[in-house]
Amino acid sequence: MDERLLADNIAKLLERVRLAAEKSQRAAGDIRVLAVSKTHPAEAIRAAHRHGLDHFGESYLQEALAKIAALAELPVTWHFIGPIQSNKTRSIAEHFAWVHSVDRGRIARRLSDQRPGDLPPLQVCLQVNISGEQSKSGVDPQDLPRLAAEVLELPRLRLRGLMAIPAPTGDPAQQRAAFSRLRGQLAQLSALAPDLDTLSMGMSDDLEAAIAEGATIVRVGSGIFGSRNR
Ligand SMILES: *Cc1c(COP(=O)(O)O)cnc(C)c1O
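So, a few notes on the structure that sits alongside this text. Everything numeric in this text was worked out from a predicted model, so none of it was measured.

What counts and how
- Residues numbered from 1 in each chain as written.
- Predicted model: local features only at pLDDT ≥ 70, side-chain atom pairs only at ≥ 80, totals over all residues.
- Heavy atoms only, no water.
- Helix = DSSP H or I, 4+ residues; strand = E, 2+ residues; numbered from the N terminus.
- Phe/Tyr/Trp six-rings, centres within 6.5 Å; stacked < 30°, edge-to-face > 60°.
- Buried < 20%, exposed > 50% of the residue type's maximum accessible area, 1.4 Å probe, protein only.

What follows is about unusual backbone geometry. In this structure, Q25 takes a positive phi of about 50° despite not being glycine. Structurally, Q25 can be placed in the loop between α1 (3-23) and β1 (32-36). Even without glycine at this site, T39 takes up a positive phi of about 70°. Mapping T39 onto the fold places it in the loop between β1 and α2 (42-50).

Laid out in structure tokens, this is it:
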């Protein structure tokens, strides 16, 4: 991708975030842009970093590990946001600072056990199935308190908050309703863990609704890097 186009996308995106924050009387600085770089090459990440982005999200482990190795000298923070299979937990625990997609105890326990002792605790969000779709990943809201309680006990994980990928809809009211449910889930958990501070919600097409409902991390792929052909 042409670097001027990338720079332009980033400037437009930051302006969208700024405007959405202003509308909700929030500080734009309280909303982190996580650049979702899956399917895009290491060079695109390097270019995005030149234009001010320093948190990157990846969904496919093998692809991510290659880019993390290629960019080892770049001062960026890596977030894993894809579905997690048990046999992938060790590499995730070793190479990422954050994981947004923890949705069961077995995966959480493995990540904690496998987090190297010389690294800080792994920063974790629990993925919640907020739209009730059968096929979607994410913990059922009714099982969330038990999973959160378990994760809070794991020594090498630090529970930060919740993540969701709602069913896509073009209707801003429906977008907000889904994000509002996630916000409500976080509020309920705060009785258990008062220092949860993260709502990872909102993507290229619905980040305004997410920011209006309190998103602290928006995960943006196509809005930065253009469309993915996969
Ligand atoms: C791909 C992906 C995104 C980014 O989606 P865009 O619509 O390209 O912004 C965000 N979150 C997750 C979990 C993803 O897999």
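This part takes up the packing of aromatic side chains. Counted according to the given criterion, the structure contains two aromatic pairs. Both rings, one in F56 and one in W78, keep their centres 6.1 Å apart while their planes meet at 45°; by these two values the pair is tilted. Of the two residues, F56 sits in strand β2 (residues 55-58) while W78 sits in strand β3 (residues 77-80), which places them 22 residues apart along the sequence. According to the relative accessible area criterion, F56 is buried, its value standing at 0%. Judged by relative accessible area, which is 7%, W78 ranks as buried. Ring plane angle 80° and centroid distance 5.3 Å describe the contact between F80 and F96, whose orientation is recorded as edge-to-face. On the criterion of sequence distance, the pair formed by F80 in strand β3 and F96 in the loop between α4 (89-95) and β4 (98-102) is long-range, its members being 16 residues apart.

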